[in-house]
Amino acid sequence: MIISAIQDELTGLSNRRSFLSTLGRQITHVNDRQNNLALLVLDIDGFARINGAHGYAFGDKLLEHVARQLTLVTRKQDQAARIGSDRFAMILPRIMNAGHAELAVQKLYRLFDLPFQCDDKRMRVSITIGIAL
């Protein structure tokens, strides 16, 4: 995989700089088109503890797993990004109402109901998601 200056090196998702630039443009379009926009911020619960107990290589694989899960619910017009150590965000433009954002969140929670498998380790990972419209 070729990584550019707008992508996170580990996950291949957009990086924080690219994400913030896109978010600024999308907010402008929301004002122009009277369209709704949802912003999701996702955090892995207990990531520092997981990283400490299982090692950085395991933590990196977990971050890659989270990125893959995000892409499973990302529409063509959405953008997912890694914006911090264990923090991810998604821009969901052209949302009709708050219910559509809630559906995306429910899909994410369902994806994380499945245990994460890495080498010989298997664990359930929980996430916390904040939503802004």
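Report follows, based on the coordinates. (Residues numbered from 1 in each chain as written. Predicted model: local features only at pLDDT ≥ 70, side-chain atom pairs only at ≥ 80, totals over all residues. Heavy atoms only, no water.)

## Looking at the packing of aromatic side chains
The description of an aromatic ring pair rests on the distance of the ring centres and on the angle between the ring planes. By the definition in use, this model includes one aromatic pair. Aromatic pair Phe58 and Phe116: ring centres 5.4 Å apart, planes at 65 degrees, arrangement edge-to-face. Highlighted residues: Phe58 in helix α3 (residues 56-72) and Phe116 in strand β4 (residues 116-118), separated in sequence by 58 residues. For Phe58, a relative accessible area of 4% puts it in the buried group. (Phe/Tyr/Trp six-rings, centres within 6.5 Å; stacked < 30°, edge-to-face > 60°. Helix = DSSP H or I, 4+ residues; strand = E, 2+ residues; numbered from the N terminus. Buried < 20%, exposed > 50% of the residue type's maximum accessible area, 1.4 Å probe, protein only.)

## Quick notes on the packing of helix α2 (residues 47-54) against α3
Interhelical geometry of α2 versus α3 gives an angle of 135 degrees and a closest axis separation of 6 Å. The orientation of α2 relative to α3 falls into the category oblique. Between α2 and α3, the residues in contact are Phe47, Ile50, Asn51 and His54 and Tyr56, Phe58, Gly59, Leu62 and Leu63, respectively. Its residues assigned to classes, the contact of α2 with α3 comprises six nonpolar, three polar and no charged. (Axes fitted to C-alpha atoms, helices over the stretch in contact; angles between N-to-C directions. Parallel < 35°, antiparallel > 145°, perpendicular 65-115°, else oblique. Contact = heavy atoms within 4.5 Å. Nonpolar A, V, L, I, M, F, W, Y, C, P; charged D, E, K, R; others polar.)

## Examining the sheet that holds strand β3 (residues 87-95)
An order of β2-β3-β1-β6 is seen for the four strands of this open sheet, with the pairing classed as antiparallel. Looking at strand neighbours, the two that pair on one side only are β2 (79-82) and β6 (127-132), the edges of this open sheet. The average undirected angle you get between the axes of adjacent strands in this sheet is 20 degrees. Pairing analysis gives four bridges linking β2 to β3, with the strands arranged antiparallel. Looking at the pairing, Arg82 lines up with Phe88 of β3. Helix-sheet contacts for helix α4 (residues 98-111) involve β1 (36-44), β3 and β6, and the interaxial angle to β6 is about 170 degrees. (Pairing = 2+ DSSP bridges.)

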